[in-house]
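In case you want the letters, here they are:
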Protein chains: 2
Amino acid sequence: MIAERTGLDLDVARVAVRSASRDRNVTLADGVLTTDPASVVNDPGVDVVVELIGGIEPARELLSSALKLGKPVVTANKDLLANYGAELYTAADAAGVDLLFEAAVGGGIPLIRSLRESLAAEPVRRVMGIVNGTTNYILSQMTEHGTGYHDALAEAQSLGYAERDPTADVEGFDAAAKASIIATVAFGARVLAGSVYREGISGIGPADIAHARRLGYVVKLLAIAEQVGPVEGKPELAVRVHPAMVPGDHPLASVRDSFNAVFVEGDAVGELMLYGRGAGGRPTASAVLGDLIDAAGNRRRGTCTPIGAFGEPVVCPIDDLESEYYINMEVLDQPGVLAAVAGVFGRHGVSIRSMEQEGLGEQARLVFITHEATERHVQATLGDLRELEAVRGMPALLRVVSQGS
Amino acid sequence: MIAERTGLDLDVARVAVRSASRDRNVTLADGVLTTDPASVVNDPGVDVVVELIGGIEPARELLSSALKLGKPVVTANKDLLANYGAELYTAADAAGVDLLFEAAVGGGIPLIRSLRESLAAEPVRRVMGIVNGTTNYILSQMTEHGTGYHDALAEAQSLGYAERDPTADVEGFDAAAKASIIATVAFGARVLAGSVYREGISGIGPADIAHARRLGYVVKLLAIAEQVGPVEGKPELAVRVHPAMVPGDHPLASVRDSFNAVFVEGDAVGELMLYGRGAGGRPTASAVLGDLIDAAGNRRRGTCTPIGAFGEPVVCPIDDLESEYYINMEVLDQPGVLAAVAGVFGRHGVSIRSMEQEGLGEQARLVFITHEATERHVQATLGDLRELEAVRGMPALLRVVSQGS
């Protein structure tokens, strides 16, 4: 089908694997399989290198060699791109060959190509993505069936959606790596995974989800990359991963199960959403194949998809960002508590949009939604609230997503 | 920004307009504006031609000339592509230059590029799109506010969503042209607008929408292109536009207002949806600019995005397609009517999944949902039902969208 549609006759020349003896249910000619990846990259018969190893080394060294040899590279390696993307982009640019990575974010969703090519001229304002299927599955179970976090996680593990050690997913590391790649491509700016603010979902309780729901919101783990303004001619970006309350009629709110979606707001294009399977062998393979066809066709035509210029952005610390907040705290059920709590909000200039008392006695809770406030002031408010005798335990906090302007 | 991101210095060399005297709120150098479009195409200083005239002539002749002169073309002209696409694709292919048309379907949604490039290797099974914003606005108003068809149309007209003569939108001609382009690109097969089965929304009443809703469905005008099987090695496609009942939890069900979305089902990629503003000056401009950057970059590198091979498909007539059906008819409220009606269904082998009587006396209606049945048999059933004395007026019919397998 590929030959018929594209005129390209692709041939799997060499395949490097960790174990050559494992049964893989594919037939390869003798000598194709090897356990030495460097021999594949260096083989003069290999024209395009596809990397699906994952992790930093040896992928980093292998891809650097491939690019230096003038071989186009297709990769699904989000960690490598999020941490060493700049050196790879530079190497690809210097060699004038393709470095394509559609499968690194959002599996089979054609996000990277859309951002790099279709929206090349679009002044993108904000990109918000549900880019981790495991956490979306967990949050969807909690939302739709009232399941607790630990039960939903166990379910995700038994379905193979979550790893035995789920940290990379549930603490937002996976989403943060993807956020850095999205920010890099959407804003033409080098953003490393380490500069992405990150919060996971392990602190979210069924009560938070139920409250959000009652207020018309759905809780989602979002990767957000946003232009907050130019600083001395450089783009100032805010890039972060945290659970957030999404308005129920927002297109991201209906992204359920383990699906991924990325919502783009641009000055000209308006609102755009790309939705699909963000992981899994077949969707990932579909994205890799699309890139491979592109790379092989470009190679034959002696050209490549330009990488584009990536500037150094100013990354705005989360403390300076503004948002509405949901704050939920256990309190002693006695007179004067609300006044004391409201006083703390007031001292930090955080203004309250709505308040609700929930439960009585031992179960008493106060649930607040603030007006737009600065993270720094909200965190200071929380710090002081913890000192109040009337406040028991740690207040829970969720940021509320504003509708695009 | 374009120069900075892409290294391309684009210059608006010539602009052909119908009236040179109209105030356009842009400043152009002397001699740029002309009323002679051929002079723009033939100007040796023009490297890329952008066509935003619409309609068949003179666009067809102008673009043919441009391609023959070896100039890449960017166009938003859906009617031209839907009727004369084959000759333009052939001309572009022969000249080895780009023919890009992202803006022709779905405005700013990166659909065409995704189908042509990202999904180049994807065995696409079905594409279902809400590709006409006007009808989606009308149906959304009817669904959410119980508005009647004529009031919703008048509202769409007053908002500028619908033309004074709304035929092209409400009778599905616009969607059919887009369906033919989608089918061509998704399946690599030449499908002309004339071979697209087409039904509009002007026959939909608030009662149909209310029934659908009660049964858990939303009514949408869909453009559907589907592979139904290969016939003697050629793809057999079914391409059609008609209102349909979409399950309430399907991603297309939540596409409201004048938004567009295209839902793709592929063997490897699974389910994919692209959502956004399908019309309007700015989203369209965003898509045109993305294409223009691509075409200009390719021209500088002496290459082009390959058009791909387009075979002649076998187009499956709607009569041979299978679906579940919603059928709603006014009946005389008297004993024996249901037996007579059910008898007609039975004689044509159309089996009934559910039946509901609505209203009494003058208002009595029967509402059926069938099991999967062939269009031919359902149409024959309707024909016979009309002959029954107990059935008053024309039964209404809606096809029910199946969840992807």
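Refer to the structure presented above.
This one's a predicted model, so the numbers in the text were calculated from it and none came from an experiment.

Peer 1: Help me out: how do you make sense of the relation of the copies chain A and chain B in this one?
Peer 2: Turning chain A through 180 degrees and shifting it by 0.0 Å along the axis lays it on chain B, with an RMSD of 0.0 Å. The superposition of one copy onto the other is thereby described by a two-fold rotation axis. No C-alpha of chain A lies nearer the rotation axis than that of L274 of chain A, which sits 2.3 Å from it. The residues that chain A uses at the interface reappear at the interface of chain B in 100% of cases, marking a shared surface.

Peer 1: Whenever I open this one, the sheet that holds strand β3 (residues 49-51) of chain B confuses me. Can you help?
Peer 2: In a beta sheet, neighbouring strands are held together by backbone hydrogen bonds and run either parallel or antiparallel to one another. Residues and elements named next belong to chain B. Taking strand neighbours across the sheet as the criterion, the three strands line up as β3-β4-β5 in an open arrangement whose pairing is parallel. In this open sheet, the two edge strands, each paired with only one partner strand, are β3 and β5 (99-100). Here β3 runs beside strand β4 (residues 73-75); their pairing, made up of three bridges, is parallel. Note on β4: the bridge partner recorded for V50 is V74. Strands β3, β4 and β5 of the sheet are contacted by helix α11 (residues 281-301), whose axis makes an angle of about 170 degrees with β4.

Peer 1: Honestly, the packing of helix α6 (residues 133-145) of chain A against helix α10 (residues 206-214) of chain A in this entry has me stumped. Any pointers?
Peer 2: Two measures define how a pair of helices packs: the angle their axes make with one another and the distance between the axes. All names here are of chain A. At a minimum axis separation of 9 Å, α6 and α10 run at an interaxial angle of 65 degrees. By the angle class used here, α6 and α10 are roughly perpendicular. Relative to α10, the crossing made by α6 is right-handed. In contact with L139, M142 and T143 of α6, α10 contributes P206, I209 and R213. Here the residues of the contact of α6 with α10 are counted per class, giving four nonpolar, one polar and one charged.

Peer 1: How do you make sense of the sheet that holds strand β4 (residues 73-75) of chain A when you look at a structure like this?
Peer 2: All names here are of chain A. Taken in spatial order, the three strands line up as β3-β4-β5 in an open sheet, and their pairing is parallel. Pairing within the sheet leaves two strands with one partner each, and these edge strands are β3 (49-51) and β5 (99-100). Bridge analysis of β4 against β5 gives two bridges, and the strand direction is parallel. Among the inter-strand pairings, V74 is bridged to a residue of β5, identified as L100. Lying on the sheet, helix α11 (residues 281-301) is in contact with β3, β4 and β5; it crosses β4 at an angle near 170 degrees.

Peer 1: Please explain the packing of helix α12 (residues 337-347) of chain B against helix α13 (residues 375-387) of chain B as it appears in this structure.
Peer 2: Residues and elements named next belong to chain B. Where α12 meets α13, the closest approach of the two axes is 9 Å, and the angle between their N-to-C directions is 150 degrees. One element, α12, and the other, α13, form an angle in the roughly antiparallel class. Here the hand of the crossing between α12 and α13 comes out right-handed. Only T381, D384 and L385 of α13 make contact with α12, whose side of the interface consists of V341, V344 and F345. In the contact of α12 with α13, the residues fall into four nonpolar, one polar and one charged.

Peer 1: Which parts of the structure should I look at to understand the interface of chain A and chain B?
Peer 2: Size of an interface, as often reported, equals the accessible area lost when the parts are brought together. Counting from both sides, the interface comprises 47 residues of chain A and, opposite them, 48 residues of chain B. Considering only the surface of chain A that becomes buried against chain B, R5, S118 and Y275 of chain A emerge as the three largest contributors, covering 17% of it. Linking chain A with chain B are two salt bridges. A salt bridge links E117 of chain A to R113 of chain B; its shortest N-O distance comes to 3.0 Å. Inspection of the chain A/chain B interface yields 14 residue pairs in polar contact (both at pLDDT 80 or more). Secondary-structure elements contributing two or more residues to the side of chain A that touches chain B are α1 (2-6), α5 (111-118), α9 (173-187), β11 (270-277) and α11 of chain A. Tallying contributions element by element places α11 of chain A first for the side of chain A that touches chain B, with eight residues. Split into classes, the residues belonging to the side of chain A that touches chain B amount to 24 nonpolar, nine polar and 14 charged. The sheet contact formed by β11 of chain A and strand β11 (residues 270-277) of chain B spans five bridges and is antiparallel. What sits directly across from L272 of chain A, in β11 of chain B, is G276 of chain B.

Peer 1: Please clarify how a nonpolar patch on the surface should be interpreted in this entry.
Peer 2: All names here are of chain A. A cluster of nonpolar residues, V12, V26 and L28, forms a patch on the protein surface that exposes about 260 Å² of accessible area. Position of V12 among the secondary structure elements: in the loop between α1 and β1 (15-16). You can call V12 exposed: its relative accessible area is 53%.

Peer 1: What is the right way to read the packing of aromatic side chains from this model?
Peer 2: Aromatic ring pairs: the centre-centre distance and the angle between the two ring planes describe each pair. For the coordinates displayed, the defined rule picks out eight aromatic pairs over all chains. Ring plane angle 75 degrees and centroid distance 4.9 Å describe the contact between Y137 of chain A and Y161 of chain A, whose orientation is recorded as edge-to-face. Linking Y137 of chain A in helix α6 with Y161 of chain A in the loop between α7 (149-158) and α8 (167-170), this pair joins segments that are 24 residues apart in sequence. Overall, Y137 of chain A belongs to the buried group, its relative accessible area being 5%. When the ring of F345 of chain B is compared with that of F368 of chain B, the centres are 4.8 Å apart and the planes differ by 40 degrees; the resulting orientation is tilted.

Peer 1: What's the story with the side chain of D291 of chain B in this structure? I'm lost.
Peer 2: All names here are of chain B. Relative to the elements of secondary structure, D291 occurs in helix α11. Overall, D291 belongs to the buried group, its relative accessible area being 4%. A distance of 3.4 Å separates the side chain of D291 from the side chain of R113, its partner in a polar contact. The residues contacting D291, other than those within four sequence positions of it, are V74, L100, F101, E102, A103 and R113.

Peer 1: Any chance you could explain the pattern of salt bridges here in plain terms?
Peer 2: A side chain with one charge may pair with a side chain of the opposite charge, provided their charged atoms come close. Residues and elements named next belong to chain B. In total, this model carries 49 salt bridges over all chains according to the counting rule given. In this structure, the salt-bridge partner of R190 is E312, at a minimum N-O distance of 3.8 Å. Of the two residues, R190 is situated in the loop between α9 (173-187) and β7 (197-198) and E312 in the loop between α11 and β12 (314-315); the sequence distance between them amounts to 122 residues. By relative accessible area, E312 is classed as partly exposed at 48%.

Peer 1: What should I look at first to understand the environment of A223 of chain A in this one?
Peer 2: Residues and elements named next belong to chain A. Along the polypeptide, A223 turns up in strand β8 (residues 217-231). Sequence separation between A223 and V127 is 96 residues; the distance between their C-alpha atoms is 8.0 Å. If we ignore the near neighbours within four places in the chain, the residues touching A223 are V127, M128, G129, V131, A175, A179, R240 and V241.

Peer 1: Would you mind going over α10 of chain A with me for this structure?
Peer 2: Residues and elements named next belong to chain A. Of all the positions in α10, only D208, I209, H211 and A212 are classed as buried. Looking down the long axis of α10, one finds its buried residues gathered within 160 degrees of arc, a one-sided arrangement. One or two steps after α10, the chain reaches G216, where phi turns positive at roughly 90 degrees.

Conventions and cut-offs
Residues numbered from 1 in each chain as written. Chains lettered and ligands numbered in written order. Predicted model: local features only at pLDDT ≥ 70, side-chain atom pairs only at ≥ 80, totals over all residues. Heavy atoms only, no water. Least-squares fit on C-alpha atoms with pLDDT ≥ 70 in both. Contact = heavy atoms within 4.5 Å. Pairing = 2+ DSSP bridges. Helix = DSSP H or I, 4+ residues; strand = E, 2+ residues; numbered from the N terminus. Axes fitted to C-alpha atoms, helices over the stretch in contact; angles between N-to-C directions. Parallel < 35°, antiparallel > 145°, perpendicular 65-115°, else oblique. Left-handed = near helix turned anticlockwise from the far one by under 90°. Nonpolar A, V, L, I, M, F, W, Y, C, P; charged D, E, K, R; others polar. Buried area = accessible area lost by both parts, 1.4 Å probe. Salt bridge = Lys/Arg side-chain N within 4 Å of Asp/Glu carboxyl O. Polar contact = N/O pair within 3.5 Å; in protein donor to acceptor, adjacent residues only side chain to side chain. Patch = residues over 30% accessible without salt bridge, like charges linked within 9 Å, V, L, I, M, F, W, Y side chains within 5 Å. Areas by Shrake-Rupley, 256 points an atom, 1.4 Å probe, with all protein chains shown as cover. Buried < 20%, exposed > 50% of the residue type's maximum accessible area, 1.4 Å probe, protein only. Phe/Tyr/Trp six-rings, centres within 6.5 Å; stacked < 30°, edge-to-face > 60°. Arc of directions from axis to C-beta.

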